[in-house]
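Letter by letter, the chains look like this.
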Amino acid sequence: MTEMLDVYDANRKLLGTADRNVVHATGLWHKTVHCWLVWQGKMLFQRRARALDNNPGKLYTTASGHVSAGESLEDAFRREVAQEIGLKPDSEKASAPHHLHETVWIADITKTDGKLFCDRVFANVYYAVYSGELSDFKFTDGEVDGIVAIDLEKFIEFSHSPRGQISALEFDGAQIREITLGENEFVINAGEDIYNKYGQKAEQILMGLAQ
């Protein structure tokens, strides 16, 4: 099914709409949402499906994706969380999404098939607090294999000096188990480090929770 996205110039002026494949083939500017959930003082990472050809099995933002044509950022947040991890934000178990910031992202990535994937993104970062259970999560779309919960304060400390390991809880859709993680388990692209990619967001979320 064709996914249509709103496309912009570099100054965020709306130009029209385009097919997602065209957007990434030609490097058109578009918007995405990055959705963090916090549970019992822990930052939730998704375990990317091991069958994916891009960063299989790595840890990444709780849920994320494109903002569809005509869709608001908040509605995109709700849709992505529902699709990827089977939860309904704004329910009695989840707070409304809080906007943290927008990040400009530019990348040209050569895929495994040799084709160039051009990303020109206005990425909007949100968080919400979840008060249910880890076992509530459902992974049915083939993109996510599990959810990993890491203590916010301990993760911030780890992100500043990630040479060791950090403990976490992982739910794989069947059981919850204790695990230990190293820096190499996280999605970190060239030119990035774990603090700039995730640690700073953890700090912002912690500040937001304290307000």
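Refer to the structure presented above.
Caption draft 1: Representation of the packing of aromatic side chains within the structure. All chains considered together, the criterion is met by 14 aromatic pairs. Here the aromatic rings of Y8 and F122 are separated by 6.4 Å at their centres, their planes lie at 80°, and the arrangement is edge-to-face. Here the residue Y8 occupies a position in strand 1 (residues 4-8), and F122 occupies one in strand 8 (residues 116-130), the gap between them amounting to 114 residues. Using a relative accessible area of 12% as the deciding quantity, one classes Y8 as buried. Each member of the aromatic cluster is reached from another via a ring pair, and the members are W36, F45, F155, F158, F186 and Y198. For K197, the ring lying beneath its charged end belongs to W105, and the centroid distance is 5.8 Å.

Caption draft 2: Representation of unusual backbone geometry in the model. Of note, the phi angle at R12 is positive, near 70°, even though the residue is not glycine. According to the relative accessible area criterion, R12 is partly exposed, its value standing at 39%. Positive phi values are uncommon outside glycine, yet N55 reaches one of about 55°. You can see N55 is positioned in the loop between strand 4 (42-48) and strand 5 (59-60).

Caption draft 3: Here's a closer look at helix 4 (residues 194-210). With 17 residues, helix 4 extends 23 Å from end C-alpha to end C-alpha; this agrees with the ideal 24 Å at 1.5 Å per step. Here the buried face of helix 4 lies against strand 3 (29-39), strand 4, strand 5, strand 7 (98-110), strand 8 and helix 3 (152-160). Among the residues of helix 4, the N-terminal cap falls to D193, whose side-chain oxygen and the backbone nitrogen of Y195 are separated by 3.0 Å.

Caption draft 4: Region of the structure containing the packing of helix 3 against helix 4. Put simply, helix 3 and helix 4 touch, their axes get as near as 9 Å, and they point 150° apart. Our classification of the angle between helix 3 and helix 4 gives roughly antiparallel. As for the relative orientation of helix 3 and helix 4, their crossing is left-handed in sense. Where helix 3 approaches helix 4, its residues L152, E153, F155, I156, F158, S159 and H160 are matched on the opposing element by I194, Y195, Y198, G199, A202, E203, I205, L206 and L209.

About the criteria used
Residues numbered from 1 in each chain as written. Predicted model: local features only at pLDDT ≥ 70, side-chain atom pairs only at ≥ 80, totals over all residues. Heavy atoms only, no water. Phe/Tyr/Trp six-rings, centres within 6.5 Å; stacked < 30°, edge-to-face > 60°. Helix = DSSP H or I, 4+ residues; strand = E, 2+ residues; numbered from the N terminus. Buried < 20%, exposed > 50% of the residue type's maximum accessible area, 1.4 Å probe, protein only. Lys NZ or Arg CZ within 6 Å of the ring centre and 35° of its normal. Expected span 1.5 Å × (residues − 1). Contact = heavy atoms within 4.5 Å. Polar contact = N/O pair within 3.5 Å; in protein donor to acceptor, adjacent residues only side chain to side chain. Axes fitted to C-alpha atoms, helices over the stretch in contact; angles between N-to-C directions. Parallel < 35°, antiparallel > 145°, perpendicular 65-115°, else oblique. Left-handed = near helix turned anticlockwise from the far one by under 90°.

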